[in-house]
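This is what each chain is made of:
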Amino acid sequence: FHTRKYAPVFSNDSTLEMMLGIGVDITAQKKAEADLKTSNERFSYVSQATSDALWDWNMQTDEIFVGESYSTLFGYHFKNNIITGAECENFVHPDDREAYLEKYERILNGDSLKWSDEYRYLKADGSYTYVSDKAIIIRDENGNAIRMIGAMEDITERKNVEEQNR
């Protein structure tokens, strides 16, 4: 693929003298765009095929892309399927939030590449569901967490059975 741009060059009497042009090979850009489209399609298909709520958090922009299964499980619908870390944090049950944040901070400040936790999560209908949340952490060359990709599983039935057996 190539893109071309042209610019006319005129003489003092406004006569067209020549056309200057430049061509740029954008093959690598087009391949990257196609690869990204394929990757996004895969994420979308996996999200539709599972009952887990899939998410991908770009920690540098604080944008969390959530799959269709997130909307199915929790009932939320966000513009372009993107929410922020602060929004997600607010959905954690108030009684679970402090422990959730402490564990989260400890993991991010360490060198672990995996994270997991269980807590209650607010659904759009106002009820809470127990979730098991698991993720991998992607770190930069300095060890700073820059991205997390994970899945939230509804474990409410398991938790209810555990409560009954106590």
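Refer to the structure printed above.
A. Structural detail: the sheet that holds strand 8 (residues 145-154). On the basis of which strands lie adjacent, the open sheet formed by six strands has the order 5-4-3-8-7-6 and antiparallel pairing. This sheet does not close on itself; its edge strands, each paired only once, are strand 5 (82-83) and strand 6 (114-122). Pairing geometry for strand 3 (residues 53-58) and strand 8, over six bridges, is antiparallel. Counterpart to Leu54 in the pairing with strand 8 is Ala151. The sheet contacts of helix 5 (residues 156-164) involve strand 6, strand 7 (128-139) and strand 8, and relative to strand 7 the element is tilted by about 120°.

B. Just a nonpolar patch on the surface, in detail. A cluster of nonpolar side chains, namely Tyr6, Phe10, Leu16 and Met19, defines an oily patch on the protein surface of about 460 Å² accessible area. Residue assignment for the nonpolar patch shows that the elements contributing at least two residues are strand 1 (2-10) and strand 2 (16-25). Checked against the element boundaries, Phe10 lands in strand 1.

C. The arrangement of the side chain of Arg139 in detail. Its location among the elements puts Arg139 in strand 7. The side chain of Arg139 sits in the buried core without any salt bridge; Asp111 is the nearest counter-charge, 6.4 Å away. A polar side-chain atom of Arg139 sits 2.9 Å from the main-chain carbonyl oxygen of Ser112.

D. Looking closely at the packing of aromatic side chains. Applying the stated criterion across every chain yields a total of twelve aromatic pairs. When the centroid spacing of 4.6 Å and the interplanar angle of 50° are considered together, the rings of Phe74 and Tyr121 count as tilted. Pair noted here: Phe74 is in helix 2 (residues 68-74) and Tyr121 is in strand 6, with a separation of 47 residues, a long-range link. Residues Tyr100 and Trp115 carry aromatic rings whose centres are separated by 6.1 Å and whose planes lie at 80° to one another, so their mutual orientation is edge-to-face. Of the two residues, Tyr100 is situated in helix 4 (residues 94-109) and Trp115 in strand 6; the sequence distance between them amounts to 15 residues. For Tyr100, a relative accessible area of 12% gives the class buried. By way of ring pairs, the aromatic residues Tyr70, Phe74, Tyr76, Phe78, Phe91, Tyr100, Trp115, Tyr119 and Tyr121 are connected into one cluster.

Cut-off values and rules
- Residues numbered from 1 in each chain as written.
- Predicted model: local features only at pLDDT ≥ 70, side-chain atom pairs only at ≥ 80, totals over all residues.
- Heavy atoms only, no water.
- Pairing = 2+ DSSP bridges.
- Helix = DSSP H or I, 4+ residues; strand = E, 2+ residues; numbered from the N terminus.
- Contact = heavy atoms within 4.5 Å.
- Axes fitted to C-alpha atoms, helices over the stretch in contact; angles between N-to-C directions.
- Patch = residues over 30% accessible without salt bridge, like charges linked within 9 Å, V, L, I, M, F, W, Y side chains within 5 Å.
- Areas by Shrake-Rupley, 256 points an atom, 1.4 Å probe, with all protein chains shown as cover.
- Salt bridge = Lys/Arg side-chain N within 4 Å of Asp/Glu carboxyl O.
- Buried < 20%, exposed > 50% of the residue type's maximum accessible area, 1.4 Å probe, protein only.
- Lys, Arg positive; Asp, Glu negative; His and termini not counted.
- Polar contact = N/O pair within 3.5 Å; in protein donor to acceptor, adjacent residues only side chain to side chain.
- Phe/Tyr/Trp six-rings, centres within 6.5 Å; stacked < 30°, edge-to-face > 60°.

These figures capture arrangement, not role.
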